[in-house]
Amino acid sequence: MITSAVRGVVVTALTTTLVLLATSAQAEQRDEDNDIEKVELVGINRVATWPSLDGVVGSTWTTPLDLYTKQVKKSGKPKLRYAGDGESECDVVRTRAEAVTAQCTRVLRLKKGTLTLSDMVDYQPLRPVTAKTAIVGGTGHYRSAYGDGYITLDGHRTHIVLNVDE
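Residues numbered from 1 in each chain as written. Predicted model: local features only at pLDDT ≥ 70, side-chain atom pairs only at ≥ 80, totals over all residues. Heavy atoms only, no water.

Focus on the overall build of the chain
If you tally the helices and strands in the chain, you get one helix and eight strands. Along the chain, helices and strands appear, N-terminal first, in the series α-β-β-β-β-β-β-β-β. Partitioning the intrachain contacts of the chain with sequence separation of at least 6 by distance along the chain shows that 46% fall at a separation of at least 24. Summed over its atoms, the accessible surface of the chain is roughly 10600 Å², and 57% of this surface lies on carbon and sulfur atoms. (Helix = DSSP H or I, 4+ residues; strand = E, 2+ residues; numbered from the N terminus. Contact = heavy atoms within 4.5 Å. Areas by Shrake-Rupley, 256 points an atom, 1.4 Å probe, with all protein chains shown as cover.)

Thoughts on a positive patch on the surface
Together, Lys73, Lys77, Lys79, Arg81 and Lys111 line one region of the surface with positive charge. Relative to the assigned elements, Lys79 resides in strand 3 (residues 78–95). Its relative accessible area of 49% is what places Lys79 among the partly exposed residues. (Patch = residues over 30% accessible without salt bridge, like charges linked within 9 Å, V, L, I, M, F, W, Y side chains within 5 Å. Salt bridge = Lys/Arg side-chain N within 4 Å of Asp/Glu carboxyl O. Lys, Arg positive; Asp, Glu negative; His and termini not counted. Charge placed at Lys NZ, Arg CZ, Asp CG, Glu CD. Buried < 20%, exposed > 50% of the residue type's maximum accessible area, 1.4 Å probe, protein only.)

Brief notes about the nonpolar core
Core analysis: the largest hydrophobic core is formed by 27 residues, its most contacted members being Leu115 and Leu162. Counting only elements with at least two residues in this core, the list comes to strand 1 (37–45), strand 2 (60–72), strand 3, strand 4 (100–110), strand 5 (113–123), strand 6 (129–138), strand 7 (146–154) and strand 8 (157–165). No other element matches the five residues that strand 4 contributes to this core. (Core = buried A, V, L, I, M, F, W, Y, C linked by side-chain atoms within 4.5 Å.)

As for the confidence of the model for the chain
When pLDDT is low, close inspection of the predicted coordinates is not appropriate. Taken over all residues, the pLDDT of the chain has a mean of 81, while the share at 70 or more is 75%. When pLDDT is averaged over each element of the chain, strand 6 comes out on top at 96 and helix 1 (residues 4–33) at the bottom at 42. Scored below 50 in pLDDT, residues 9–31 shows zero contacts in the model against residues more than four places distant or in partner chains. (pLDDT = per-residue confidence, 0-100.)

Focus on the pairing of strand 8
Pairing between strand 1 and strand 8: eight bridges, direction antiparallel. Within strand 8, the position partnered with Glu37 by the bridge is Val164. Examined bridge by bridge, strand 7 and strand 8 share nine bridges and lie antiparallel to one another. From the neighbouring strand, Thr152 faces strand 8, where its bridge partner is His159. (Pairing = 2+ DSSP bridges.)

Here it is, written out as structure tokens:
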């Protein structure tokens, strides 16, 4: 026969478990309902600094950017609108005959706040390259931002598409 004290402990444990499961399900639902803000930018390099294939592991380069958003005019022609500025700092982590692999940190200063990105990129001479990037932090409107996106480097232009979650 189960004593009332044991029965009370079992009932309390089961009730706690059910409450936690319900809370967990609600938290997952809220995550699914979160709006993900899509941020799409075009960066124009102010100073052309590129890794060389004879680069030394550990060497660093910095690229300042002017950032723009694409806006389509009524005529259908795209127009770039100034959105802020930014900077990329990359460190060579591996060199090969055909490419240089670099770990890059990018800071994007926008009107709503700052976003910080981190990615690994394989640079190849005179070829556009696309890499996955992670949002590792932010300030202002983006103070609790996380997420990911893609960065495409093509000559003096950098195309950035981010899925910002908060």
